[in-house]
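Structure at a glance
Take a look at the letters that make up each chain.
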Amino acid sequence: SIAAMFTTLKAERGNGNREDMSLRTIVILASVITLALAFIQQREPFNMPFYQTLISVLCGLPLILVGVRVLGETNKGPVSLMANTLQAIFRLFSPNIANNLIRAGTACNINSQGEGTMQVYKTGKIVGSVPRVLTWVQFMSIPIGAAAVAIMYPILIRRYGLGGDGHAQGRE
């Protein structure tokens, strides 16, 4: 299945009127986003080494294939099971439980997003869209979602509180 997918992508390369995005473009965009994630995760409060983020992303790639296959056959993705397994595997690399959770979360989020993306493509096909447009929208949503979280998270913390004693700042 994997070999056939890459053969098909390569065979359609010369066609100027493609419905899908080139594999080269996907690899470049995914690499840029992965490097940005690794840069962010090595800073406070994560303090995770750069290489550990890269390892977790690489571990996530085969999980996409497994997760999408299971989703297609059972209509339920195995994200939780994979997260638990990865936590145990990443424990071999480091005793730091916070980093283990972050690495497993990163790898499993890749799987979860892969499963969600398949549903997007299925819906897009039903409404008459093409994979190329849907892929661009998916890539553009990453910085938009990150910006929304960066803006809203501090506001929610101030309003409702998180951690500590459980009380929001300024509320009694």
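Positions within a chain are numbered from 1, following the residues in the order the chain's sequence is written. In keeping with the predicted nature of the model, local features appear solely for residues at pLDDT of at least 70, side-chain atom pairs appear and are counted solely at 80 or more, and the whole-chain, interface and lining totals rest on all residues. Computation of side-chain values: all heavy atoms of the structure, hydrogens and water removed.

Quick look at the overall build of the chain now. Each helix is a run of DSSP H or I of at least 4 residues and each strand a run of E of at least 2, with the numbering of both proceeding from the N terminus. Broken down by element type, the chain carries six helices and zero strands. In the chain, the order of α-helices and β-strands from amino to carboxyl end is α-α-α-α-α-α. Computed with the Shrake-Rupley method and a 1.4 Å probe, the accessible areas treat only the protein chains shown as cover for residues. Taken as a whole, the chain presents about 12,000 Å² of accessible surface, with 66% of it coming from carbon and sulfur.

Next up on the list: the nonpolar core. Nonpolar cores are built from buried Ala, Val, Leu, Ile, Met, Phe, Trp, Tyr and Cys residues. Side-chain atoms within 4.5 Å join them into one set. Here's how the labels work: a residue is buried when its accessible area is under 20% of the maximum for its type, exposed when over 50%, partly exposed in between, all with a 1.4 Å probe on protein chains only. Residues L63, M82, A83, L86, F90, A104, A107 and C108 constitute the largest nonpolar core, which totals eight residues. Secondary-structure elements contributing two or more residues to this core are α4 (79-91) and α5 (97-127). When residues in this core are grouped by element, the largest group, four residues, is from α4. Look past the residues within four positions of A83 in its chain and what remains in contact with it is A104 and C108. By definition, residues are in contact when any of their heavy atoms lie within 4.5 Å.

Take a nonpolar patch on the surface next. What goes into a patch is any residue over 30% in relative accessible area without a salt bridge, connected to like charges within 9 Å or, for nonpolar side chains (Val, Leu, Ile, Met, Phe, Trp, Tyr), within 5 Å. A pair is scored as a salt bridge if a Lys or Arg side-chain nitrogen falls within 4 Å of a carboxyl oxygen belonging to Asp or Glu. Where nonpolar side chains cluster on the molecular surface, the patch consists of L35, F39, I40, F46 and F50 and spans about 450 Å² of accessible area. If you tally residues by element for the nonpolar patch, the top one is helix α2 (residues 23-41), at three residues. Tracing the sequence through the fold places F39 in helix α2. With a relative accessible area of 44%, F39 lands in the partly exposed category.

Moving on: the confidence of the model for the chain. For every residue, the predictor reports its confidence as pLDDT, a number between 0 and 100. In the predicted model, the chain carries a mean pLDDT of 77, and the fraction of residues at 70 or more is 83%. The element-level mean pLDDT for the chain is lowest in helix α1 (residues 2-11), coming to 57, with α2 highest at 86. Every residue in residues 166-172 is under pLDDT 50, and counting partners more than four places away or in other chains gives nine contacts.

Take the pattern of salt bridges next. In total, this model carries one salt bridge according to the counting rule given. A salt bridge links R69 to E73; the shortest N-O distance between them is 2.6 Å. In this pair, R69 and E73 both sit in helix α3 (residues 50-74), four residues apart, roughly one turn of the helix. Neither residue differs from the other here; R69 and E73 are each classed as exposed.

Turning our eyes to something else, we now look at the packing of α2 against α3. Interaxial distance between α2 and α3 falls to 8 Å at its minimum, and their mutual angle equals 135°. As summarised for this structure, α2 and α3 are arranged oblique, according to the angle between their axes. Of the two possible hands of crossing, α2 and α3 adopt the one that is right-handed. Together, T34, L35, L37, A38, F39 and Q41 of α2 and F50, T53, L54 and V57 of α3 make up the contact between the two elements. Axis lines are fitted to C-alpha atoms, over the contacting stretch for helices. Their N-to-C directions set the angle, which ranges from 0 to 180 degrees. By definition in this entry, angles of less than 35 degrees are roughly parallel, angles greater than 145 are roughly antiparallel, angles of 65 to 115 are roughly perpendicular, and the rest are oblique. Handedness of each helix crossing follows the sense of rotation of the near helix against the far helix: counterclockwise by less than a right angle gives left-handed, clockwise gives right-handed.

A separate point is α5. To estimate how far a helix should reach, multiply one less than its number of residues by 1.5 Å. The first and last C-alpha atoms of α5 sit 44 Å apart over 31 residues, in line with the 45 Å expected at 1.5 Å per residue. Two residues or fewer after α5 comes G128, characterised by a positive phi angle close to 95°.

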